[in-house]
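Report on the structure
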Amino acid sequence: MPTSDNPPLAATLRLFSLVVIIVLTVGAGLFFAPVLVKPRWPWAVTPFNARFLGGFYTAEMVVMAALLFWNRWSPGRLVLVMALIFTVIVSVASFINLGYFNFGRKAPWLWFLVYLGSVAVSGLFLWRARARPSAKGVTLRPAWRGYMPVESAVLGLYGVGLLLFPLTFGSFWPWPVDGFHAQVYSAIFLAGRAAYMSSGEARGARNCWCWAWRSCWLACLPLLDSSSPTLPCTGSTGRRSGHRAGLPFSPGSASAASSNSSPPLGILARNRHHRF
């Protein structure tokens, strides 16, 4: 790509990418080393939720590594938009569901610090480059030009449903999830939708590469994980008495007793366990 079409980004962004990769490495540990990472996670997660989140963090780590390596407007714009949308939604979901966090530990404080810091940095870079046009794109085959808008629309619709009506749309999830995890998962879908929208008509080659690798990791790791015969899908109700997860206008209540997640032990007064 010509430098005039795809200028390099600030060196400080490369430092930001490196810091984010380090953080994502911890999250990827939920998939590759859950015994080490799960006890240190900001809230209690059951095996399948932990491995799914770990798979997602692994996919995002690959994308951030691409930004660290190239550090140009393409794929920078796509990666920063995904990072901004994901961290904003997860931060909002975390604030709505504070009952899942035990602030007597350090991990929840670090969680909010890292996510709010990422929102600020990625938002600042995008704001400063708001007038910059997209990098020159590549000509996709007609089949891909027809497929990508459809996939993007499906991601967006389901992501909005998980965010606004977590218990309703979470019931379509392959394993039991509560309102909090449904809203966290919505960020994965909405970040993908935002990435497609941000690239406009110009599908930069590196943008396409990042999109493809992210999709590949997101698809393969959960499938690999679900085939493991040693991974029990157990969970608990995971709520305080009277606590309602989700946005104020989300339907339902804590009836998702088959939730596949649980809050910290210091919060949970009564616990019911089940096997999915």
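Here's what I pulled together on the structure shown here. (Residues numbered from 1 in each chain as written. Predicted model: local features only at pLDDT ≥ 70, side-chain atom pairs only at ≥ 80, totals over all residues. Heavy atoms only, no water.)

1. Section: the packing of aromatic side chains
To keep it simple, the criterion reads: When two rings of Phe, Tyr or Trp (its six-membered ring) have centres within 6.5 Å they constitute a pair, described as stacked for plane angles under 30 degrees, edge-to-face for angles over 60, and tilted for the intermediate range. Going along the chain from the N terminus, every DSSP run of H or I of four or more residues is numbered as a helix, and every run of E of two or more is numbered as a strand. Exposure categories follow from relative accessible area, calculated using a 1.4 Å probe and restricted to protein chains: below 20% of the type maximum is buried, above 50% is exposed, and the middle band is partly exposed. Any Lys NZ or Arg CZ found within 6 Å of a ring centre and within 35 degrees of that ring's normal is scored as a charge over the ring.
In total, this model carries 30 aromatic pairs according to the counting rule given. Relative to Phe86, the ring of Phe56 lies with its centre 4.7 Å away and its plane at 35°, an arrangement referred to as tilted. In this pair, Phe56 is assigned in helix 3 (residues 47-70) and Phe86 in helix 4 (residues 73-96), connecting sequence segments 30 residues apart. In this structure, Phe56 and Phe86 share a single accessibility class: buried. Just above the ring of Phe31 sits the side chain of Arg51; from NZ or CZ to the centre is 4.8 Å. Its end group placed over the ring of Trp73, Arg132 keeps NZ or CZ at 5.1 Å from the ring centre.

2. Here's the deal with the environment of Gly27
Heads up, the condition is: We call two residues contacting when some pair of their heavy atoms lies within 4.5 Å.
With respect to the element layout, Gly27 can be found in helix 1 (residues 11-32). By relative accessible area, which is 3% here, Gly27 ends up buried. When the C-alpha atoms of Gly27 and Thr58 are compared, they prove to be 7.5 Å apart, with 31 residues separating the residues in sequence. Leave out the neighbours within four places in its chain, and Gly27 touches Trp41, Gly54 and Tyr57.

3. Notes on helix 1
An α-helical segment advances 3.6 residues per turn. Residues three or four places apart therefore align on the same side. For clarity, the cut-off: Given a helix with a known number of residues, its expected span is that number minus one, times 1.5 Å. Bend, in this description, refers to the angle at a residue between axes fitted to the seven residues ending there and the seven starting there.
Spanning 22 residues, helix 1 covers 31 Å between terminal C-alpha atoms, matching the ideal 32 Å at 1.5 Å per step. For helix 1, the principal kink sits at Val26 and spans about 25°. Restricting attention to buried positions, one finds in helix 1 the residues Leu13, Phe16, Ser17, Val20, Ile21, Leu24, Gly27, Ala28, Gly29, Leu30 and Phe31.

4. Things to note about helix 4
When the terminal C-alpha atoms of helix 4 are compared, their 34 Å separation across 24 residues agrees well with the 34 Å that a helix rising 1.5 Å per residue should span. Burial runs high along helix 4: 17 of the 24 residues are buried.

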